[in-house]
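So the chains spell out like this:
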Amino acid sequence: MERPRHQGMAKNTYMRWRLPLVCLLWEVAMIVLFGVFVRFDAEADAHWEEEKQEKNLTSDIENDFYFRYPSFQDVHVMIFVGFGFLMTFLKRYGFGAVGFNFLLAAFGIQWALLMQGWFHSFKGGKILIGVENLINADFCVGSVCIAFGAILGKTSPIQLLVMTLFQVTLFSVNEYILLNLLHVKDAGGSMTIHTFGAYFGLVVTRILYRPNLEQSKDKQGSVYHSDLFAMIGTLYLWMYWPSFNSAISEHGDAQHRAAINTYCSLAACVLTTMAFSSMLQKKGKLDMVHIQNATLAGGVAVGTSAEMMLTPYGSLIVGFICGIVSTVGYVYLTPFLESRLHIQDTCGIHNLHAMPGLIGGIVGAITAAAATEDVYGKEGFIKAFDFTGTYQTRTPSVQGGFQAAGIVVSLLMALAGGALVGAILKLPLWGDPAAENCFEDDIYWEVPEDEESDAYHMHNPDKASSP
Amino acid sequence: MERPRHQGMAKNTYMRWRLPLVCLLWEVAMIVLFGVFVRFDAEADAHWEEEKQEKNLTSDIENDFYFRYPSFQDVHVMIFVGFGFLMTFLKRYGFGAVGFNFLLAAFGIQWALLMQGWFHSFKGGKILIGVENLINADFCVGSVCIAFGAILGKTSPIQLLVMTLFQVTLFSVNEYILLNLLHVKDAGGSMTIHTFGAYFGLVVTRILYRPNLEQSKDKQGSVYHSDLFAMIGTLYLWMYWPSFNSAISEHGDAQHRAAINTYCSLAACVLTTMAFSSMLQKKGKLDMVHIQNATLAGGVAVGTSAEMMLTPYGSLIVGFICGIVSTVGYVYLTPFLESRLHIQDTCGIHNLHAMPGLIGGIVGAITAAAATEDVYGKEGFIKAFDFTGTYQTRTPSVQGGFQAAGIVVSLLMALAGGALVGAILKLPLWGDPAAENCFEDDIYWEVPEDEESDAYHMHNPDKASSP
Amino acid sequence: MERPRHQGMAKNTYMRWRLPLVCLLWEVAMIVLFGVFVRFDAEADAHWEEEKQEKNLTSDIENDFYFRYPSFQDVHVMIFVGFGFLMTFLKRYGFGAVGFNFLLAAFGIQWALLMQGWFHSFKGGKILIGVENLINADFCVGSVCIAFGAILGKTSPIQLLVMTLFQVTLFSVNEYILLNLLHVKDAGGSMTIHTFGAYFGLVVTRILYRPNLEQSKDKQGSVYHSDLFAMIGTLYLWMYWPSFNSAISEHGDAQHRAAINTYCSLAACVLTTMAFSSMLQKKGKLDMVHIQNATLAGGVAVGTSAEMMLTPYGSLIVGFICGIVSTVGYVYLTPFLESRLHIQDTCGIHNLHAMPGLIGGIVGAITAAAATEDVYGKEGFIKAFDFTGTYQTRTPSVQGGFQAAGIVVSLLMALAGGALVGAILKLPLWGDPAAENCFEDDIYWEVPEDEESDAYHMHNPDKASSP
């Protein structure tokens with residue numbers, strides 16, 4: 001009854017010592033660094049009572065926890081269930097999709113708390129963390145989940161941990177350049193998360209190009225129920241994206257507005273995705289790959305501008321366009337990238353994150369450049385773009401220019417970083433699978449017997465003994 | 001290996017030009033109408049800083065966003081994952097269940113923002129939207145998802161989009177009559193959402209009656225894992241129903257109370273559902289159809305009264321009764337409706353939404369009529385029923401009468417509206433499937449190879465070549 | 001085509017009269033008791049307007065609903081989807097896992113509202129309930145879900161309802177002893193929920209020991225998709241655990257801190273689980289059982305201390321250790337407990353809840369004993385441990401001693417209570433399945449035809465007629 005699987009004899013995928021070593025080493029490093037650096041910020045520290053008196057706060061409800069915790073939990077679900085299940089569409093890679101995503105994200109959030117902490121929350125020699133840091137750590141890891149989508153099924157868990165270590169580091173540097181040096185707005189991360197994460201992943205998968213991948217082509221598709229599992233991921237990403245884009249916006253109207261804009265953009269995106277999915281097929285049937293992915297492009301593309309006065313109809317237009325761009329990308333661009341540019345993009349992140357991310361950066365730059373005191377109100381204008389201190393004299397058009405510069409920087413950082421990390425991952429140390437074993441859980445996981453071999457067929461002695 | 005499926009030759013189900021056309025046309029219409037009409041309300045607009053000063057608000061936490069956003073997200077999950085997955089119980093219609101629900105809801109919320117906006121949020125020529133509008137749009141679409149349950153598996157996506165357009169319109173008119181003209185309370189929508197949506201859907205499916213539906217009877221059941229997918233939908237509906245019924249209640253005690261009442265009613269409902277599911281079966285075994293559906297009837301039935309002083313034990317009683325009514329309905333009424341009245345109700349919405357919705361309307365009327373200043377407190381009494389302005393002199397018993405009138409109006413609107421829309425959907429334009437192709441994803445979706453035909457059986461050359 | 005299943009002839013598993021009787025009897029009892037005792041508390045009652053004026057509250061946002069409702073909903077998801085789906089890993093017990101969990105939890109929360117209400121919210125002859133009571137009821141039921149994990153697949157639904165009745169009662173007594181008599185802190189329930197629930201369940205399963213359980217060994221494993229369903233449960237438990245541990249903490253910094261500590265502990269736990277899962281296997285492959293369960297041990301183990309100043313690195317250390325302890329437990333301890341001590345622990349709750357629960361109690365005792373005014377601030381110190389009134393003079397080290405006493409009390413209550421309830425469940429009244437029918441939905445559920453027998457194979461006349 002045992003199903004003979006082609007064990008990757010050509011490659012050593014034995015994880016027994018390497019994977020535990022990497023996991024334990026890195027976790028010990030986290031503990032040491034957290035011990036030296038990480039403490040609670042004022043709102044999570046038991047001294048908060050004194051802080052409240054100092055700041056003259058009359059109620060505990062003013063604690064940032066109550067402004068952001070619900071959004072944090074939504075974002076948390078997007079990272080672990082959203083991305084994890086979105087990638088379970090492969091027929092025999094569900095364990096790897098959801099399990100490796102779990103592993104890399106659990107490590108990544110710790111490292112992100114440190115990296116982002118050093119850049120943004122470092123006070124008196126300590127990183128002071130609160131709920132906003134947790135959200136930002138999840139965001140940072142989101143960019144790794146995106147890159148994971150490009151190399152899904154073709155790497156070992158160790159490679160993923162190595163990639164996470166480097167990508168989180170580079171993400172934080174890029175984020176620092178954009179937010180602090182260029183003073184760019186990017187609350188939902190069109191540039192820092194999506195553009196950066198996607199081009200990073202695409203370069204990595206280009207460098208890890210496998211000429212013989214058609215050997216595992218039969219495993220690169222879905223089955224009926226794996227497509228339904230993937231829809232769980234899709235829907236959670238889609239439903240909670242308004243929380244994603246508003247999670248770290250300013251309290252009050254900005255959070256409120258970001259949620260509404262994202263809601264609108266996503267709704268429009270579903271209709272154009274359905275339209276083009278049907279239109280681009282000879283038989284006119286809908287393709288689950290498009291529904292699972294392109295419907296989300298609208299959320300990516302308002303990542304920069306959602307907290308601005310993009311307006312609901314502006315959001316609809318952005319969503320409208322991105323559903324089309326993304327679906328067309330799946331039909332025409334993904335095959336082209338694979339055959340001509342040797343970019344093997346398992347989940348099609350180029351269509352879901354790279355192009356919509358760029359569009360999102362551009363929309364953000366235009367929306368910022370078009371801002372006026374009339375539209376935002378005198379105080380709202382200053383608050384929306386944080387035109388205070390050094391930036392007091394910055395005009396909208398200058399801000400737009402810096403926003404555009406942010407796109408370019410993110411892109412360059414992604415390309416350079418991806419090349420570096422891709423080269424590291426190509427070293428023959430990390431136990432990646434042979435081409436014929438890609439997209440197959442059996443290499444790294446204990447996989448249970450198939451359904452039909454025992455539970456379903458135990459009544460049929462003829463069949464049970466036939467092979 | 002290809003499985004020969006009966007392609008609907010008798011009917012033209014080719015979607016390639018019709019579906020894209022409808023999707024794009026309607027989305028363009030949305031963009032134009034949003035451009036002309038929709039703007040942010042004061043709490044989502046960048047002028048909020050000025051608004052705050054005017055209203056003398058000291059904290060951003062007073063923004064309605066923080067009162068309602070968590071509930072909104074729960075409602076959002078109910079619409080897309082709750083309804084979507086609840087309907088995946090059919091063995092070969094999972095894509096259609098979750099995908100078409102996604103499509104119609106994404107369109108519906110846009111159109112609902114407009115329709116409800118014109119009736120309720122129209123100021124100075126513009127519809128001003130905030131988080132409460134998003135919740136109401138989701139509510140409105142909920143009634144379409146309910147109607148979808150009756151015709152599940154028997155319609156084309158175009159028919160669903162046409163139905164959504166009309167149903168959202170009629171829903172908004174009905175809602176306006178109830179809430180504004182009759183001044184009726186219905187925060188959780190027993191009347192506006194459930195009674196209206198269910199009877200609307202039942203009339204539509206009656207008009208679309210298919211005499212030869214037994215041709216696809218083999219596909220009208222579930223398989224083991226499709227029942228588990230459906231339980232995801234059930235549980236999310238069940239868990240988040242307290243948010244549903246409290247989402248648009250008054251700030252403070254009303255929201256708090258609505259959540260508690262709903263929680264209690266739902267808990268009681270589970271026990272009577274289990275009891276009657278076992279009792280009504282010769283073998284005494286539990287039936288997944290009942291567990292998936294009748295356990296939710298308790299939430300429907302306190303939709304009107306949850307925010308009133310129904311009290312926890314009152315809620316238990318309502319839930320107790322509705323679990324019984326709904327389960328008995330599945331066992332006896334659904335077959336009767338199909339054989340005698342030619343109402344083919346795929347999901348049994350008559351048992352889950354129609355009857356409990358009516359009960360909910362009646363419970364609401366009684367609870368309102370029984371209200372006293374003693375129970376509510378002087379101010380609480382006025383606030384609970386909004387007995388201000390023109391309605392200053394309305395007494396509880398009069399309010400109860402108007403509540404009862406609301407049930408009748410909803411019912412009549414549903415019957416008339418359903419008849420109209422059913423007639424429109426019967427036109428031979430929309431590409432609906434032939435009777436033998438109902439409940440089959442293959443007509444409108446690219447469906448992957450079956451699990452057993454490749455991944456699972458590739459080791460078995462005999463079987464692979466046998467057919 | 002009918003698959004011959006071994007109906008439990010040896011045992012009478014016929015539920016038709018017994019299950020409905022128990023369900024209806026108990027629900028009627030709930031209604032009567034709720035009618036006599038349960039009312040809304042001040043924040044959910046329509047008199048809240050007057051309460052607000054009395055307490056000089058300026059805003060509805062001060063209602064406890066807004067502090068706790070988002071956390072409540074997360075906890076609610078953990079109980080129903082988290083525990084329910086975690087247990088769907090068995091190949092043919094998915095209906096029972098998710099359905100019986102639904103049943104016992106829906107009954108349990110009602111009984112818990114009463115039991116906990118009498119102990120903690122009893123004023124003027126009435127139990128006054130608000131959102132915190134709902135959370136506590138969910139918590140209490142959580143301990144029953146844990147115990148259910150040990151006996152999963154081996155009991156009838158009636159036995160589960162009987163167990164729930166007794167366990168909720170004993171839980172409430174134990175909780176009262178700890179929180180009120182010993183004045184112990186245990187916001188996330190390491191002692192009251194996990195230690196108590198797990199040892200209770202282990203004693204019950206010991207008493208219900210089945211010597212011939214290997215007769216159903218073939219059904220005690222998972223299949224590919226059932227492992228993915230279980231991962232839904234795992235991830236929701238993992239993601240929402242920060243809400244669980246912070247849900248009933250004091251407003252402000254304590255809730256904030258509890259969430260951060262739990263987030264950190266859980267992240268570390270994933271890495272050591274993965275490390276040891278691979279390390280303890282000859283082939284070095286990861287085992288889904290570990291990933292599904294041991295990754296959660298970090299949340300259990302900071303249940304007592306999360307709201308204290310455990311600090312992020314302290315949390316990492318706790319998570320680090322518990323991932324190891326739990327995984328090692330699955331590999332070595334579970335087989336030992338079964339073969340030597342005759343403890344048949346289906347889900348391995350000893351590894352996920354019992355040991356981490358004890359560790360959590362100990363960590364809490366140490367953290368409390370180590371508390372200083374310097375670390376907590378003068379006011380924070382008093383607030384964190386509620387050193388007021390009678391407890392004004394209690395020192396941290398004394399508190400640590402009481403915390404340790406709480407562990408012992410919980411353990412003894414669990415052992416004694418489990419023995420009592422196990423003996424009751426052993427009575428031949430409750431319709432439990434025969435050994436060869438364990439882990440099989442078919443005994444208590446209408447199970448649909450297998451997938452392959454109709455939908456998938458209808459094209460293959462040879463195979464369809466073969467048996």
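Residues numbered from 1 in each chain as written. Chains lettered and ligands numbered in written order. Predicted model: local features only at pLDDT ≥ 70, side-chain atom pairs only at ≥ 80, totals over all residues. Heavy atoms only, no water.

In the nomenclature of an unreviewed UniProt entry, chain A is known as RHCG protein of Centropus bengalensis. Database annotation for chain A, UniProt heading Subunit (unreviewed entry): "Homotrimer." According to its UniProt record, chain A has this under Subcellular location (unreviewed entry): "Cell membrane". (UniProt positions renumbered as here; feature names shortened; annotations may be inferred.)

Asks: Lay out the nonpolar core in plain terms, naming residues and giving numbers.
Replies: Core analysis: the biggest nonpolar cluster contains 437 residues, and Tyr236(A), Trp238(A), Tyr236(B), Trp238(B), Tyr236(C) and Trp238(C) have the highest contact counts within it. Residues contacting Tyr236(B), with those up to four places away along its chain left out, are Tyr236(A), Val77(B), Met78(B), Val81(B), Val77(C), Val81(C) and Tyr236(C). (Core = buried A, V, L, I, M, F, W, Y, C linked by side-chain atoms within 4.5 Å. Buried < 20%, exposed > 50% of the residue type's maximum accessible area, 1.4 Å probe, protein only. Contact = heavy atoms within 4.5 Å.)

Asks: Explain the relation of the copies chain B and chain C to me, using residue names and the numbers behind them.
Replies: For the pair chain B and chain C, the best superposition has an RMSD of 0.0 Å and corresponds to a rotation of 120° with a translation of 0.0 Å parallel to the axis. Here the copies are linked by what is in effect a three-fold axis. By C-alpha distance to the rotation axis, the residue of chain B lying nearest is Pro70(B), at 3.6 Å. When the interface residues of chain B are mapped onto chain C, a mere 18% of them again lie at the interface, so each copy presents a different face. (Least-squares fit on C-alpha atoms with pLDDT ≥ 70 in both.)

Asks: Before we move on, could you go through the pattern of salt bridges and cite the residues and values that matter?
Replies: Under the defined criterion, the tally for this structure stands at 30 salt bridges over all chains. We note a salt bridge from Lys55(B) to Glu51(B), for which the minimum N-O separation is 3.3 Å. Here Glu51(B) and Lys55(B) lie together in helix H2 (residues 48-55), a separation of 4 residues that amounts to about one turn. Judged by its relative accessible area of 18%, Glu51(B) falls in the buried class. Across the pair Glu440(C) and Lys219(C) runs a salt bridge, and its minimum N-O distance is 3.9 Å. Of this pair, Glu440(C) sits in the loop between helix H16 (396-426) and helix H17 (452-456) while Lys219(C) sits in the loop between helix H7 (190-207) and helix H8 (224-246); the two residues are 221 residues apart in sequence, bridging distant segments of the chain. Across the pair, Lys219(C) and Glu440(C) agree in class, each one buried. One continuous salt-bridge network, built from bridges that share partners, spans Glu49(A), Lys52(A), Asp60(A), Asp253(C), Arg257(C) and Lys383(C). (Salt bridge = Lys/Arg side-chain N within 4 Å of Asp/Glu carboxyl O. Helix = DSSP H or I, 4+ residues; strand = E, 2+ residues; numbered from the N terminus.)

Asks: I'd like a description of the interface of chain A and chain C, backed by residues and values.
Replies: Taken together, the contact pairs 90 residues of chain A with 83 residues of chain C. Here chain A and chain C share 1 salt bridge between them. A salt bridge links Glu49(A) to Lys383(C); the shortest N-O distance between them is 2.7 Å. On the surface where chain A and chain C come into contact, there are 29 residue pairs in polar contact (both at pLDDT 80 or more). Taken together, the elements giving at least two residues each to the side of chain A that touches chain C come down to helix H1 (18-37), strand S1 (38-40), helix H2 (48-55), helix H3 (64-86), helix H4 (94-120), helix H5 (131-151) and helix H8 (224-246) of chain A. Among the elements that make up the side of chain A that touches chain C, the one with the highest residue count is H4(A) (12 residues). (Polar contact = N/O pair within 3.5 Å; in protein donor to acceptor, adjacent residues only side chain to side chain.)

Asks: Summarise the sheet that holds S1(A); cite the residues concerned and give the values.
Replies: Residue and element names in this part refer to chain A. With respect to topology, 3 strands assemble into an open sheet ordered S1-S3-S2, the strand pairing being mixed. With partners counted over all chains shown, the strands left at the sheet margins are S1 and strand S2 (122-123), one partner each. Where S1 lies against strand S3 (residues 126-129), 3 bridges are found, and the strand directions are parallel. Pairing of Val 38 across the sheet is with Ile 127, part of S3. (Pairing = 2+ DSSP bridges.)

Asks: Mind laying out the environment of Phe80(B), listing which residues take part and the relevant values?
Replies: Mapped onto the elements of the fold, Phe80(B) is located in helix H3 (residues 64-86). Not counting residues up to four positions away in its chain, the partners in contact with Phe80(B) are Leu235(A), Trp238(A), Met239(A), Phe85(B), Asn101(B), Phe102(B), Ala105(B), Ala106(B) and Ile109(B).

Asks: Could you give me a rundown of the interface of chain B and chain C, with the residues and numbers involved?
Replies: Each partner contributes residues to the interface: chain B has 84 residues there, and chain C has 90 residues. Three residues, Tyr224(B), Tyr263(B) and Leu271(B), lead the burial of chain B against chain C; their summed loss comes to 12% of the area buried on that side. Joining chain B to chain C, the criterion identifies 1 salt bridge. Along the contact surface separating chain B from chain C lie 30 residue pairs in polar contact (both at pLDDT 80 or more). By residue number, the principal contributor to the side of chain B that touches chain C is helix H9 (residues 253-279) of chain B, which donates 19 residues. Per-class residue counts for the side of chain B that touches chain C are 43 nonpolar, 20 polar and 21 charged. (Buried area = accessible area lost by both parts, 1.4 Å probe. Nonpolar A, V, L, I, M, F, W, Y, C, P; charged D, E, K, R; others polar.)

Asks: Before we move on, could you go through the packing of aromatic side chains and cite the residues and values that matter?
Replies: Within the structure shown, the criterion is met by 93 aromatic pairs over all chains. Between Phe80(A) and Trp238(C), the ring centres sit 4.5 Å apart and the planes meet at 50°, which makes this aromatic pair tilted. A residue pair is termed interchain when its members come from two chains, as with Phe80(A) in helix H3 and Trp238(C) in helix H8. Between Tyr69(C) and Phe72(C), the aromatic rings sit 5.6 Å apart at their centres with planes inclined by 45°, giving tilted as the arrangement. Of the two residues, Tyr69(C) and Phe72(C) both sit in helix H3 (residues 64-86), 3 residues apart, roughly one turn of that helix. Assigned by exposure class, Tyr69(C) and Phe72(C) land together as buried. A cation over a ring is seen here: Arg206(B) above Tyr209(B), with NZ or CZ 5.7 Å from the ring centre. Taking the ring centre of Phe402(C) as reference, the NZ or CZ of Arg394(C) above it sits at 3.8 Å. (Phe/Tyr/Trp six-rings, centres within 6.5 Å; stacked < 30°, edge-to-face > 60°. Lys NZ or Arg CZ within 6 Å of the ring centre and 35° of its normal.)

Asks: An account of the pairing of S3(A) is needed here, citing residue identities and associated values.
Replies: Residues and elements named next belong to chain A. Here S3 shows one buried face, formed by Ile 127 and Ile 129, and one open face, formed by Lys 126 and Leu 128. In terms of strand pairing, S2 meets S3 through 2 bridges, oriented antiparallel. From the neighbouring strand, Phe 122 faces S3, where its bridge partner is Ile 127. Taken together, S2 and the strand that follows it, S3, pair antiparallel across an intervening segment of 2 residues, in which Gly 124 is found at a positive phi of about 60°.

Asks: So what about unusual backbone geometry? Which residues, and what values?
Replies: Its identity as a non-glycine residue notwithstanding, Thr311(A) has a phi of 70°, on the positive side. Given a relative accessible area of 16%, Thr311(A) falls into the buried group. With a phi angle near 60°, Asn56(B) is a residue other than glycine that sits in the positive phi range. Residue placement: Asn56(B) occurs in the loop between H2 and H3. Classification of Asn56(B) by relative accessible area gives exposed; the value is 65%.

Asks: Got a sec to walk through the side chain of Asp432(B)? Specific residues and values, please.
Replies: Residue and element names in this part refer to chain B. Tracing the chain through its elements places Asp 432 in the loop between helix H16 (396-426) and helix H17 (461-465). Look at Asp 432 and you get buried, because its relative accessible area is 15%. In this view, Asp 432 contacts Lys 11, Thr 13, Lys 154, Ser 156, Gln 159, Arg 210 and Tyr 444; residues no more than four positions away in its chain are not counted.

Asks: Explain the UniProt feature "domain: Ammonium transporter AmtB-like" (unreviewed entry) in chain A residue by residue, including any values.
Replies: Per the UniProt annotation, the sites labelled "domain: Ammonium transporter AmtB-like" (unreviewed entry) are residues 62-428 of chain A. Here residues 62-428 of chain A runs as 73% helix and 2% strand, with 53 Å between its end C-alpha atoms.

Asks: Explain the confidence of the model for chain A to me, using residue names and the numbers behind them.
Replies: Residue and element names in this part refer to chain A. Here chain A averages 93 in pLDDT, while 94% of its residues score no lower than 70. In this model residues 1-9 is a low-confidence stretch, pLDDT under 50, and it forms 25 contacts with partners more than four residues away in sequence or in other chains. Taken together, the stretch residues 452-467 has pLDDT below 50 and engages in 29 contacts with residues farther than four places along the chain or on a different chain. We note a pTM of 0.95 for the whole complex and an ipTM of 0.94 for its interfaces. (pLDDT = per-residue confidence, 0-100.)

Asks: Let's hear about the packing of helix H12 (residues 312-341) of chain B against helix H13 (residues 349-369) of chain B: which residues, and what values?
Replies: Residues and elements named next belong to chain B. The N-to-C vectors of H12 and H13 enclose an angle of 140°; their axes lie 8 Å apart at closest approach. Considering the angle they form, H12 stands oblique to H13. By crossing handedness, the relation of H12 to H13 is classed as right-handed. Every residue of H13 that contacts H12 at Val 318, Cys 322, Val 325, Ser 326, Gly 329, Tyr 330, Leu 333, Thr 334 and Leu 337 is listed here: His 350, Asn 351, Leu 352, Met 355, Ile 359 and Val 363. Here the contact of H12 with H13 is built from residues that sort into 10 nonpolar, 5 polar and no charged. (Axes fitted to C-alpha atoms, helices over the stretch in contact; angles between N-to-C directions. Parallel < 35°, antiparallel > 145°, perpendicular 65-115°, else oblique. Left-handed = near helix turned anticlockwise from the far one by under 90°.)

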